[in-house]
Amino acid sequence: MPSYGLAPLLTEKDESESSEGGLDPLGTEPLADRLANKLAPGVRERQQHPRFLTTIAVSLSLCAEFGEETVARDGITEPWLVFEWHVVHGLVLLGSQQKVDLRGLPGRLKAEQALKEGVPLSPKSYLKTPSIFGFHGVYRVLAETLGIERNGFLGEQGYELLMLWSREQGLDGFAGTCNGSGPNLREQLLEALRDGLARCAVARTNGWAGWRFFVNHLAHRNAGPKERKFLTRLLLEDGEGFRGEVLRFLVSPAGQRVWRREMDSDRWSERAFHRALLDRASPELRRLLQAIDAYERFARLIQNAFDECLYEMTRRRGYVSALELSRLDAVKQAGRAAPTALREAAERLEPFGLALQFQQLFGALGEGGTTSQWVEQLMAHHLETQRNKPPNGKLPWFEGDERGYIIRPLYRRDEPAGCDNDYVHLFRTRSLWSFASDLKMFKG
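About the cut-offs
- Residues numbered from 1 in each chain as written.
- Predicted model: local features only at pLDDT ≥ 70, side-chain atom pairs only at ≥ 80, totals over all residues.
- Heavy atoms only, no water.
- Helix = DSSP H or I, 4+ residues; strand = E, 2+ residues; numbered from the N terminus.
- Buried < 20%, exposed > 50% of the residue type's maximum accessible area, 1.4 Å probe, protein only.
- Contact = heavy atoms within 4.5 Å.
- Salt bridge = Lys/Arg side-chain N within 4 Å of Asp/Glu carboxyl O.
- Core = buried A, V, L, I, M, F, W, Y, C linked by side-chain atoms within 4.5 Å.
- Arc of directions from axis to C-beta.
- Lys, Arg positive; Asp, Glu negative; His and termini not counted.
- Phe/Tyr/Trp six-rings, centres within 6.5 Å; stacked < 30°, edge-to-face > 60°.

Topic: the environment of Ala 72
So, point 1. By the secondary structure assignment, Ala 72 is in the loop between α2 (52–63) and α3 (79–95).
So, point 2. Take Ala 72: its relative accessible area is 5%, and that puts it in the buried class.
So, point 3. Each C-alpha atom, one on Ala 72 and one on Ala 198, is 5.9 Å from the other, the two residues being 126 residues apart in sequence.
So, point 4. If near-sequence neighbours (up to four positions away) are discounted, Ala 72 is found in contact with Thr 77, Leu 197 and Cys 200.

Some remarks on the pattern of salt bridges
So, point 1. Here the structure, examined in full by the defined rule, presents 23 salt bridges.
So, point 2. Glu 112 is the salt-bridge partner of Arg 108, the closest N and O atoms lying 3.1 Å from each other. Of the two residues, Arg 108 and Glu 112 both sit in helix α4 (residues 108–117), four residues apart, roughly one turn of that helix.
So, point 3. By relative accessible area, which is 24% here, Arg 108 ends up partly exposed.
So, point 4. Glu 112 gets classed as partly exposed once you look at its relative accessible area, which sits at 32%.
So, point 5. Ionic pairing is found between Lys 332 and Asp 329, a salt bridge with its closest N-O pair at 3.8 Å. Taken as a pair, Lys 332 and Asp 329 lie in helix α16 (residues 329–349) at a separation of three residues, close to a single helical turn.
So, point 6. Judged by relative accessible area, Lys 332 falls into the partly exposed class, the value being 32%.
So, point 7. One network of salt bridges, with partners in common, ties together Glu 312, Arg 315, Arg 316 and Glu 324.

Some details on the nonpolar core
So, point 1. If you look at the biggest cluster of nonpolar residues, it comprises 137 residues, and the most contacted ones within it are Phe 213, Phe 214 and Phe 358.
So, point 2. Here this core takes 15 residues from helix α14 (residues 283–316), the largest share from any one element.
So, point 3. Look past the residues within four positions of Phe 358 in its chain and what remains in contact with it is Leu 31, Tyr 295, Phe 298, Leu 342, Ala 345, Ala 346, Leu 349 and Gly 363.

Description of helix α17 (residues 355–362)
So, point 1. Every buried residue of α17 is listed here: Ala 355, Phe 358 and Phe 362. Relative to the axis of α17, the buried residues are bounded by an arc of 60° and lie together on one face. Turned more than 90 degrees away from the buried face of α17, the exposed residues are Leu 356 and Gln 360.
So, point 2. Where the residues of α17 are buried, they touch α1 (29–39), α14, α16 and α18 (371–387).

Examining the side chain of Arg 228
So, point 1. Counting through the fold element by element, Arg 228 comes out in helix α10 (residues 225–236).
So, point 2. In this structure, Arg 228 is buried with no salt-bridge partner, the nearest side chain bearing the opposite charge being Glu 168 at 6.9 Å.
So, point 3. Once residues within four sequence positions are removed from consideration, Arg 228 is found in contact with Ala 223, Asp 438, Leu 439 and Lys 440.

Some points on the packing of aromatic side chains
So, point 1. Per the counting criterion, the structure on display carries 20 aromatic pairs.
So, point 2. Summarising the aromatic geometry, the rings of Phe 249 and Phe 273 are spaced 5.4 Å apart at their centres and angled 40° between planes, so their arrangement reads as tilted. Taken together, the residues Phe 249 in helix α11 (residues 243–251) and Phe 273 in helix α13 (residues 270–278) connect sequence positions 24 residues apart. Here the two residues Phe 249 and Phe 273 agree in accessibility, since each one is buried.
So, point 3. With 5.8 Å between their ring centres and 55° between their planes, Phe 306 and Trp 397 make a pair best called tilted. Of the two residues, Phe 306 is situated in helix α14 and Trp 397 in the loop between α18 and β3 (398–401); the sequence distance between them amounts to 91 residues.

Observations concerning unusual backbone geometry
So, point 1. Look at the link from Pro 390 to Pro 391: it is a cis peptide, with omega at 0°.
So, point 2. Its place among the elements puts Pro 391 in the loop between α18 and β3.
So, point 3. Positioned with a positive phi, Arg 317 is a non-glycine residue whose angle comes to about 55°.
So, point 4. Of note, Arg 317 is situated in the loop between α14 and α15 (322–325).
So, point 5. Exposure remark for Arg 317: the relative accessible area of 76% places this residue in the exposed category.
So, point 6. For Arg 428, which is not glycine, the phi torsion reads 80° and is therefore positive.

Below, the structure written as structure tokens:
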């Protein structure tokens, strides 16, 4: 599988803006993402630990104490981000001492660096784009999908989760009107948030007693039994997509066997898991899986051809003509098969309202002609894809003129293309597996 397919699994990715576009050179990712969203609504590849949904519920409850227009001293930072700083700082500060597993904590590396340098977390020392790469950014779409968050406030499911969590954690009164240890702790956290907003940075020393709250009650791998049961129910209830159906099969003995076998192999594949699921799927899910399969067959054909062209350009160390590239095995295969694969994928995508977009993006690659002409279409497609990337386009991976094509140094390939038949893209199975593991959904 190409290395760019693994990028969504990183827990921290916060690059500065660049004119380079090192991901998705053929523009196949957006449609794959839409298919994945239909398959598992709200789930994203970066998601690993469903307990962040509980943390978001706590965040929404605390931040509701501030006005909608409240921001920190910088005029930008909102209360939820100040709370996120405290969560990450607290977990990193005390997690290692208490042997808390911090893998999968967004922002962990930034917090470790800030602690090492003795500076508080702030816009300067934290993630540059926390609304995307922080835990709120990573898990908010799932929180909204599950009804935990509604229009920036606690939803009905979020309030129920908050109440269940507070009772199970021995924090009665943290939410609602019950008496208990919760109200004092809540006020302690609110005071820290007020001071953090005033300073636009974490305003508590490392000796603050409140740091224990985050490790004791919100460590992202340590949900309580009742909390796990509630989150499991939310994930299995899926009124729009097939998240519940996929998850039920994944934790079944048959699903586990298939997925564990793939994970243990050198080249794991969601295609094999989807094939096994297809035999047991509802008619609606079966149609979606067939659409994914057809789209991925087309995407794999053009990706293999593109990868082999890159390797050939690297190997030749100079300009390579379209005619020379047309003699490569993966290119010949794609040139022959792409028109039929494109037509079949369009037919499968039609019921999901994606056929028109697919044809607009890739139609030129199904027009036929000589293999040399198809190579030129593939290269032109890459150039167009890079030009259309936000915000102002990205540079292509190669340069071209009348002499042919020459690869740019950043994109050289030192090993031959794999030319496999696996999916090019990811379809949330690894995230769902991680969810199921955290929630102890596996039997036996």
